[in-house]
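Overview (structure and organization)
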Amino acid sequence: MAERPSILARTWSTPVILIAILAVLALAAYFAGSNPFNQTIIEIFIRVVLVVGLYVFIGNSGVISFGHIGFTCLGAYMTAWLTMLPAIKKSKLKGLPDIILNNKLDYGWGLLAATIFAGVAAYVFGKVLMRLSGIAASIATFAMMAVIIQVYSNWDSVTGAQSSVVGIPIVRTVWPYFACAVAVVLVAYAHSISRSGLALRAARDEATAAAASGVDIPRERLIAFVISGAIMGLGGALFAHSVGVVTPDTFYLGLTFITLSMLVVGGMNSLSGAVLGVVVLSIIIQLLRWLEKGVDLGGATLSLPLGVQEIAIGVVMIAILMYRPSGLTRNRELVWPSKRLSGGTKASAPADGKTA
């Protein structure tokens, strides 16, 4: 019992360390004063929200979902409907209810509405899908995303179909994105150490034993699915406000691949892996973007062919899966350096009993 305070202190260090990393990025953007660099940091924060959202369900349940980007689409369009100018909505989206057509809300309310809307949608889909397991569940989530994208790609009077929805208020400052990333990290951590999170991971590691111990596996999966879906909706809303335009195709296979890649590279079963995977791959992506645009080297221009980003990400994923299949963090959480306790044992992090 004497070890308890030390263990709790170390486990709480995980979100503190992750928030500190995010704070360093935010301060770097603030002091740099460069619009392109500021936008890059905003993109990183949005990806943190999305990848942590994936971790809440995939990392804790062990069920691979290929459909969570569908909730991102729902969140993006919800905030667009609520925050666009009425004149633009009346000319482009005439099928919306009158109360939405004739009113405009601040982007903060749009973020909240997008989060709730995506969470409710996740609950509706999850009531059916969470009874599935393994590859069947993964395929079903992909089918869910396909349904969402097809509906939004063809509902001309409400979503504009394949046309771009423009006029969404653009938020340039980095702080709202930083605040949302921090909030999402705290929510994901709180769920991971909650009774529901612990039960879900027990079911992930040994489903038969967990069920025999009284764990309601579909219920625990549904809880994580709803929380995860709500976070993805928030990420979609943040994305919409970062660029000011949305189309259904934006939220499909490309975004699915990159977010899953970041989760796998960092470590699928750890919150620290979700955040570090975003940071590492985002740095690689940004470097490749600069090289694709061309770098002046004493009169000569060095540039890479277009499409190298996708190739490089694929190579990184292959290398990680070959040499470090559990990710950069080895599915462990970042914690303060351990200290020898009186009994000669070391404290450990809560998520999987592992620390880094």
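Going by the structure above, here's the rest.
All of the points below concern the structure found in this document.

The rules behind each value
- Sequence positions are assigned chain by chain, starting from 1 and proceeding in written order.
- Per-residue local features of the predicted model are confined to residues with pLDDT of at least 70, and side-chain atom pairs are confined, for both listing and counting, to 80 or more; whole-chain, interface and lining totals are unaffected and use all residues.
- The side-chain figures draw on all heavy atoms in the structure; neither hydrogens nor water molecules are used.
- Each helix is a run of H or I in the DSSP string that is no shorter than four residues. Each strand is a run of E no shorter than two, and both are numbered from the N terminus.
- Only the C-alpha atoms count toward the radius of gyration. The rule for a globule is 2.2 Å times the residue count to the power 0.38.
- Exposure is judged per residue with a 1.4 Å probe applied to protein chains only, and the accessible area is read against the type maximum: over 50% gives exposed, under 20% gives buried, and values in between give partly exposed.
- Whether two residues are in contact is decided by their heavy atoms: any pair within 4.5 Å suffices.
- Using a 1.4 Å probe, accessible areas were evaluated by the Shrake-Rupley method; residue-level cover was limited to the displayed protein chains.
- Residues counted as positive are Lys and Arg, residues counted as negative are Asp and Glu, and His and the chain ends are not counted.
- Here the site of a charge means NZ on Lys, CZ on Arg, CG on Asp, or CD on Glu.
- Candidates for patches are residues over 30% relative accessible area with no salt bridge; among them, like charges are joined within 9 Å and nonpolar side chains (Val, Leu, Ile, Met, Phe, Trp, Tyr) within 5 Å.
- The salt bridge definition used is simple: a Lys or Arg side-chain nitrogen within 4 Å of an Asp or Glu carboxyl oxygen.
- Nonpolar core, defined: a set of buried Ala, Val, Leu, Ile, Met, Phe, Trp, Tyr and Cys residues in which side-chain atoms within 4.5 Å join the residues together.
- For Phe, Tyr and Trp, rings pair up if their centres lie within 6.5 Å, where Trp contributes its six-membered ring, and each pair is then called stacked (planes under 30 degrees apart), edge-to-face (over 60) or tilted (otherwise).
- Throughout, an axis means a line fitted to C-alpha atoms (over the contacting stretch in the case of helices), and angles, computed between N-to-C directions, take values from 0 to 180 degrees.
- Just so you know how the angles are binned, under 35 degrees is roughly parallel, over 145 roughly antiparallel, 65 to 115 roughly perpendicular, and the rest oblique.
- Under the scheme applied, nonpolar residues are Ala, Val, Leu, Ile, Met, Phe, Trp, Tyr, Cys and Pro; charged residues are Asp, Glu, Lys and Arg; polar residues are all the others, including Gly.
- Helices are assigned an expected span. That span is 1.5 Å times one less than the residue count.
- In this analysis the probe radius is 1.4 Å and the grid spacing 1 Å, with only protein atoms considered; a cavity is a set of points the probe fits into but cannot get out of, a pocket is an open set with protein on both sides within 12 Å along at least five of seven lines, and lining residues have an atom within 4 Å of a point.
- Grid points are joined across faces, edges and corners, and a volume is the space filled by probe spheres set on the points.

With that settled, consider the overall build of the protein. Helix and strand counts for the protein come out as 15 helices and 4 strands. Here the C-alpha atoms of the protein give a radius of gyration of 21 Å, agreeing with the 21 Å that 2.2 N^0.38 yields for 356 residues. Projected onto its principal axes, the C-alpha coordinates of the protein cover approximately 70 × 60 × 35 Å. Buried positions account for 50% of the 356 residues belonging to the protein. A separation threshold of at least 6 residues defines the contact pool for the protein, and within that pool the share at least 24 residues apart is 76%. Of the roughly 16100 Å² of accessible surface on the protein, a fraction of 67% belongs to carbon and sulfur atoms. For the protein, the distance from the average position of its 25 positive side-chain charges to the average position of its 15 negative side-chain charges is 6 Å.

Side chains of Leu105, Trp109, Leu112, Ile116, Val120, Tyr123 and Val124 sit close together on the surface and give an oily, nonpolar patch of about 700 Å² of accessible area. You can see leucine 112 is positioned in helix H6 (residues 107–129). Taking relative accessible area as the criterion, leucine 112 reaches 43% and is therefore assigned partly exposed.

Once that is clear, we can look at the nonpolar core. Leu22, Phe45, Phe71 and Trp81 are the most contacted members of the largest nonpolar core, which has 95 residues in total. The biggest single contributor to this core is helix H2 (residues 35–61), with 15 residues. Not counting the four nearest positions on each side in its chain, phenylalanine 71 is found in contact with Ala118, Ala121, Ala122, Phe125, Met144, Phe225, Gly229, Met232 and Gly233. Counting 5 residues, the second largest nonpolar core, distinct from the first, contains Ala199, Ala203, Val215 and Ile217.

With that settled, the discussion passes to the packing of aromatic side chains. The description of an aromatic ring pair uses the distance of the two centres, along with the angle that the planes make with each other. On inspection of all chains with the given rule, the structure shows 11 aromatic pairs. With a centroid separation of 6.4 Å and an interplanar angle of 55 degrees, the aromatic rings of tyrosine 77 and tryptophan 81 are classed as tilted. Here tryptophan 81 and tyrosine 77 lie together in helix H3 (residues 69–83), a separation of 4 residues that amounts to about one turn. Tryptophan 81 shares its class with tyrosine 77; the two are buried.

We now examine the packing of H2 against helix H10 (residues 195–205). Direction vectors running N to C along H2 and H10 enclose 50 degrees, while the axes themselves pass 7 Å from each other. By the angle between their axes, H2 is oblique relative to H10. Residues Gly59, Asn60 and Ser61 of H2 form the contact with H10, whose participating residues are Leu200, Arg201 and Arg204. A per-class count over the contact of H2 with H10 returns 1 nonpolar, 3 polar and 2 charged.

Once that is clear, we can look at helix H12 (residues 217–243). Residue pairs three or four apart in sequence face the same way in an α-helix, which turns once every 3.6 residues. For H12, with 27 residues, the first-to-last C-alpha span of 39 Å sits near the 39 Å given by 1.5 Å per residue. Counting buried positions along H12 gives 20 out of 27 residues, so the element sits mostly inside the fold.

Relative to the 27 Å expected for 19 residues at 1.5 Å per residue, helix H9 (residues 175–193) spans 27 Å between its end C-alpha atoms, a close match to the ideal helical length. Along H9, the residues that are buried comprise Pro176, Tyr177, Phe178, Cys180, Ala181, Val182, Val184, Val185, Ala188, Tyr189, His191 and Ser192.

Turning our eyes to something else, we now look at the layout of surface pockets. Quantified by volume, the largest pocket comes out at close to 450 Å³. Around the largest pocket sit 20 residues that line it, and Arg47, Phe239, Leu255, Ile258 and Arg289 are the ones nearest its centre. For the lining of the largest pocket, the elements supplying multiple residues, two or more each, are H2, H12, helix H13 (253–266), helix H14 (271–293) and helix H15 (308–323). Ranked by residues supplied to the lining of the largest pocket, first place goes to H2 with 5 residues. The residue makeup of the lining of the largest pocket, split by class, is 10 nonpolar, 6 polar and 4 charged. Counted as a void, the second largest pocket has a volume near 170 Å³. Together, Leu25, Ala28, Phe37, Thr40, Ile41, Ile44, Val279, Ser282, Ile283, Gln286, Leu287 and Trp290 line the second largest pocket. Of all the secondary structure elements, the ones that give two or more residues to the lining of the second largest pocket are helix H1 (4–32), H2 and H14. Residue contributions to the lining of the second largest pocket peak at 6 residues, all from H14. Class assignment of the residues belonging to the lining of the second largest pocket gives a composition of 9 nonpolar, 3 polar and no charged.

Moving on: the packing of H9 against H12. Contact pair H9 / H12: the axes reach a minimum separation of 11 Å and the direction vectors enclose 175 degrees. By the angle between their directions, the pair H9 and H12 is classed as roughly antiparallel. Across from Tyr177, Cys180, Val184, Val187 and His191 in H9, the residues of H12 making contact are Ile223, Ala224, Ile227, Ile231, Leu234, Leu238, His241 and Ser242. The class makeup of the residues in the contact of H9 with H12 is 10 nonpolar, 3 polar and no charged.

A word on unusual backbone geometry. Positive phi, close to 55 degrees, is recorded for arginine 330, a residue that is not glycine. With respect to the helices, strands and loops of the structure, arginine 330 is situated in the segment after H15. When its relative accessible area of 44% is taken as the criterion, arginine 330 is described as partly exposed. In this structure, asparagine 331 takes a positive phi of about 60 degrees despite not being glycine. Along the chain, the position of asparagine 331 falls in the segment after H15.

Nothing here speaks to function; it is geometry throughout.
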